[in-house]
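# Observations on chain architecture
These are the residues of each chain, in order.
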There are 2 protein chains.
Amino acid sequence: MSGEEFKTWQSVQAEVLRRINSRQWKPGDFIPNEAELSVEFGCARATVNRALRALADTGLLDRRRKAGTRVALNPVRKATLDIPVIRYEIEGKGQTYRHTVLEHNRAVPPSGIRARMQTEPGVKLLHLVTLHLADGKPYVFGDRWINPAVVPGIEAADLSAKSANEWLVANIPFEGGDFSFSAMTAGHREAEILACKEGEGLFVIDRSTWNKGLVITSVRLTFAPGYQMHTKI
Amino acid sequence: MSGEEFKTWQSVQAEVLRRINSRQWKPGDFIPNEAELSVEFGCARATVNRALRALADTGLLDRRRKAGTRVALNPVRKATLDIPVIRYEIEGKGQTYRHTVLEHNRAVPPSGIRARMQTEPGVKLLHLVTLHLADGKPYVFGDRWINPAVVPGIEAADLSAKSANEWLVANIPFEGGDFSFSAMTAGHREAEILACKEGEGLFVIDRSTWNKGLVITSVRLTFAPGYQMHTKI
DNA sequence: TTGAACTATAAGTATGTACATATTATTTTG
DNA sequence: CAAAATAATATGTACATACTTATAGTTCAA
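Summarised in this report is the structure supplied together with it.

What counts as what
Residues numbered from 1 in each chain as written. Chains lettered and ligands numbered in written order. Predicted model: local features only at pLDDT ≥ 70, side-chain atom pairs only at ≥ 80, totals over all residues. Heavy atoms only, no water. Helix = DSSP H or I, 4+ residues; strand = E, 2+ residues; numbered from the N terminus. Rg over C-alpha atoms; globule rule 2.2 N^0.38 Å. Buried < 20%, exposed > 50% of the residue type's maximum accessible area, 1.4 Å probe, protein only. Contact = heavy atoms within 4.5 Å. Areas by Shrake-Rupley, 256 points an atom, 1.4 Å probe, with all protein chains shown as cover. Lys, Arg positive; Asp, Glu negative; His and termini not counted. Charge placed at Lys NZ, Arg CZ, Asp CG, Glu CD. Least-squares fit on C-alpha atoms with pLDDT ≥ 70 in both. Buried area = accessible area lost by both parts, 1.4 Å probe. Salt bridge = Lys/Arg side-chain N within 4 Å of Asp/Glu carboxyl O. Nonpolar A, V, L, I, M, F, W, Y, C, P; charged D, E, K, R; others polar. Pairing = 2+ DSSP bridges. Near = heavy atom within 4 Å. Polar contact = N/O pair within 3.5 Å; in protein donor to acceptor, adjacent residues only side chain to side chain. Core = buried A, V, L, I, M, F, W, Y, C linked by side-chain atoms within 4.5 Å. Axes fitted to C-alpha atoms, helices over the stretch in contact; angles between N-to-C directions.

Attention now goes to the overall build of chain A. If you tally the helices and strands in chain A, you get 7 helices and 11 strands. Taking 233 residues into account, the globule formula puts the C-alpha radius of gyration at 17 Å, and chain A, at 24 Å, lies well above it. Reported as C-alpha extents along the three principal axes, the dimensions of chain A are approximately 70 × 35 × 30 Å. With 233 residues in all, chain A has 48% of them scored as buried. Once local pairs closer than 6 in sequence are excluded, the contacts in chain A between residues at least 24 apart make up 58%. When the accessible surface of chain A is split by element, carbon and sulfur atoms take 52% of a total near 11,500 Å². Within chain A, one finds 31 positive and 26 negative side-chain charges whose respective centroids are separated by 5 Å.

See the structure below:
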């Protein structure tokens, strides 16, 4: 029992997890410091550090300098989910991908979009509505606004070959984005585009992407009924 | 230019990011290996490793032994989202939290739940339907099934004081869970419970939690209209 | 010509040491 | 006695080195 050694950070992590799960270390408890654990586990402190850091990343431990490491009181665990590129998602299911551009123009965006994209009133943006189909059936449609002032070359791009998303990903670097996930009720327009019934619940992803503080594009993806996003902890 | 040194893993990461964003390293490109970068950056290979590993974790780089490191072709970036504990989420908005138990019984689950929970046909499970309210207004309701064979003590627990979720989190260790996010259309039951209109689109989270390969609980959270989950990259 | 064995390579990991940094605890000082 | 200076401490990081592991690429054999 006392002679057991944990030489890899994964095995250290597993042992720490075991102690947490077995309630040997309870939520809120301080656990021994890295130096002590490294002695007990018969490994280097760096190995313990790696294991504990990984657990802190998942939200299971709280760590603070000088204070020490404690088991998180509320395991608000962080799930990581892959933001799908629609084409790959569809092709990954063995279905054939196709998309059609329903609208492609320049227009003054509604106020909600204007706020998201931080543009002045009256400024026209590129507006694209694209329907993505899986095996010919509507899968999701994207209502996208692009700020051409931030995206050189987009005016000249052929967005019928590649989708706007693919073109942007391939040509414009970006720093980050924010996402929101929600549900909406299909109105007349959504029902028509997605070939579903009015009043059906639809899964919606809103995404804004920025670079150097400027919003490149803002898009709302409205999925056909039945869509699910999956993730594991 | 050539004399610049990057001594911390954060600065190495920033420089790598800069090169990716500036298209010096394009999607699909192999980047120099760790040893070469450590020479160029004037730091240890471990420092480069730390930086690149972090970027690989976010999905921006693909790394494989022997093959090397390349800029991800499709930045299927991984968003991390915090799975909320409903009470804290509501209280975090400055609203008062309250919950009521609508159903509390033992019953044979429908086949979908049975499949998720890997139980035999005919086996009864604990079934709990709980409505969570924010400032007295319906916020979300949970339709939960618990396998009492896996959860000792649940029968005796007082689930009116703490919600089932809080009780489980506090008393039963768990290894992991899987989540799915989707939308549904409010039927008669949902409309009644959440005080919304029939036919409204509702945001839904399905979650299963397991330990030692056994499914502890499976819950569907159905949120009142307007709910959003947010995350950033 | 397929496939099995081998080899070289790049990432992955472990370790001892050293120093940095944040933060708590203690002591000194006004 | 409160505020400021100081010490103590646990995590955080860097580095040189050494060894491990997965695997792409090559060679060899059936």
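Moving on, we come to helix H6 (residues 164–171) of chain A. Considered for burial, the residues of H6(A) that qualify are Ala164(A), Asn165(A), Glu166(A), Trp167(A) and Leu168(A). In this structure, the buried residues of H6(A) make contact with helix H4 (86–92), strand S6 (125–134), strand S7 (137–146), strand S9 (201–211) and strand S10 (214–223) of chain A.

Moving on, we get to the relation of the copies chain B and chain A. With an RMSD of 0.5 Å, the operation that places chain B on chain A is a rotation of 180° combined with a shift of 0.0 Å along the axis. Such a combination of rotation and displacement between the chain copies is what one expects of a two-fold axis. Proximity to the rotation axis, assessed at the C-alpha, singles out Gly201(B) in chain B; its C-alpha lies 1.8 Å from the axis. Mapped onto chain A, 98% of the interface residues of chain B are again interface residues, and the two copies thus contact each other with one and the same surface.

Let us look at the interface of chain B and chain A. On the side of chain A, 45 residues touch chain B, which itself brings 46 residues to the contact. With both sides pooled, the region where chain B packs onto chain A buries about 4,000 Å², and carbon together with sulfur makes up 55% of that total. Summed over the shared surface of chain B and chain A, the result is 0 salt bridges. Where the side of chain B that touches chain A is concerned, the elements lending two or more residues are helix H3 (45–57), strand S4 (78–82), helix H6 (164–171), strand S8 (176–185), strand S9 (201–211) and strand S11 (228–232) of chain B. Looking at which element gives the most residues to the side of chain B that touches chain A, the answer is S8(B), with 10 residues. When the residues that make up the side of chain B that touches chain A are grouped by side-chain class, the tally is 21 nonpolar, 14 polar and 11 charged. Relative to S4(B), strand S4 (residues 78–82) of chain A runs antiparallel, the two being bridged by 5 bridges. Each bridged residue has a counterpart across the sheet, and for Asp82(A) the counterpart in S4(B) is Lys78(B).

Residues and elements named next belong to chain A. Relative to the helices and strands, Glu155 resides in the loop between S7 and H6. Separated by 63 residues in sequence, Glu155 and Gly92 place their C-alpha atoms 31 Å apart. Not counting residues up to four positions away in its chain, the partners in contact with Glu155 are Arg106, Leu126 and Pro148.

Now for the protein's contact with DNA strand D. Near DNA strand D there are 22 residues, and of these Arg45(A), Arg63(A), Thr8(B), Thr47(B) and Arg64(B) occur at the shortest range. In the environment of DNA strand D, a base oxygen lies 2.6 Å from a nitrogen or oxygen atom belonging to the side chain of Arg45(A). Elements represented by at least two residues in the surface near DNA strand D include exactly helix H3 (45–57), strand S2 (61–64) and strand S3 (68–71) of chain A together with helix H1 (9–21) and H3 of chain B. Here the surface near DNA strand D gets 3 residues from one element, more than from any other, and that element is H3(B).

In this section: the nonpolar core. Phe181(A), Phe203(A), Phe181(B) and Phe203(B) are the most contacted members of the largest nonpolar core, which totals 38 residues. Look past the residues within four positions of Phe203(A) in its chain and what remains in contact with it is Phe181(A), Ser182(A), Leu221(A), Thr222(A), Phe223(A), Tyr227(A), Met229(A), Phe181(B), Ser182(B), Ala183(B) and Phe203(B).

Further remarks concern the sheet that holds strand S5 (residues 97–107) of chain B. Reading across the sheet, the 7 strands line up as S11(A)-S8(B)-S9(B)-S10(B)-S7(B)-S6(B)-S5(B) and stay open at both edges, with antiparallel pairing between neighbours. Pairing within the sheet leaves two strands with one partner each, and these edge strands are strand S11 (228–232) of chain A together with S5 of chain B. Neighbouring strand axes in the sheet, compared pairwise and without regard to direction, differ in orientation by 15° on average. Note that S11(A) and S8(B) share 5 bridges and pair antiparallel.

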